[in-house]
Amino acid sequence: MNQHLKEQIRDQVAPLIESAFPPLNKPLLEVAKSRWMTSDKGNLITQLELMHSGNKGLLYCCASRDGTGPLKASFLTMLLLEDTIATSSSPFGICSGEASITVYRFVDLSDATSASLASMINNFHNMAAVILLDYVDDTEFTDVISELDFA
């Protein structure tokens, strides 16, 4: 991703950090210069990370299999810790490790706006919650499903 597009995306994310921006209920948290996460949406955290090539970003949710909650580590860190590979499918992929499960999706950020980013993050979060319900042993995780807000 070229530097100009990275700056443009950061400018579009800035309003999402400063205040809640529909359909997100709470502002995003900036984790690094090119990585953001939802602050509190049940016990599932959605992260957006800019890629270094192309005009793509990576949306992902990572949860522990034992129900201890969401994991905040970067996608690459989880792959290395779990010593596993990510399997690709469309429109999302799954990385299934012994201790965690990650749902991810590459998204094109060429024409992203603050509104489209908020909607993209919210919709991915909802989709990931439904998918992860089949993998995670957590009765409280079903509360996330009941709070879904599809925009």
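Since this is a predicted model, take the numbers as computed values, not measurements.

Turning our attention to the sheet that holds strand E3 (residues 46–50). One open sheet accounts for six strands, arranged E1-E2-E3-E4-E6-E5; its pairing is antiparallel. Two strands lie at the open edges of the sheet, namely strand E1 (28–32) and strand E5 (93–96), each paired on one side alone. The sheet shows a mean angle of 25 degrees between the axes of neighbouring strands, taken without regard to direction. The pairing of E3 with strand E4 (residues 56–64) spans five bridges and is classified as antiparallel. The residue of E4 that forms the bridge with Leu-48 is Leu-59. Taken strand by strand, helix H3 (residues 114–132) contacts E1, strand E2 (35–38), E3, E4, E5 and strand E6 (100–108), and its axis lies near 150 degrees from that of E6.

The next subject is the pairing of E6. Two strands pair when backbone bridges link them, and E4 and E6 are joined in this way by nine bridges, in the antiparallel orientation. Each bridged residue has a counterpart across the sheet, and for Cys-61 the counterpart in E6 is Val-103. Bridge count for E5 against E6 is four bridges, and the pairing is antiparallel. Bridge pairing in E6 links Ser-96 to Ile-101. Joining the antiparallel neighbours E5 and E6 is a turn of three residues.

What counts, and where the lines are drawn
Residues numbered from 1 in each chain as written. Predicted model: local features only at pLDDT ≥ 70, side-chain atom pairs only at ≥ 80, totals over all residues. Heavy atoms only, no water. Pairing = 2+ DSSP bridges. Helix = DSSP H or I, 4+ residues; strand = E, 2+ residues; numbered from the N terminus. Axes fitted to C-alpha atoms, helices over the stretch in contact; angles between N-to-C directions. Contact = heavy atoms within 4.5 Å.

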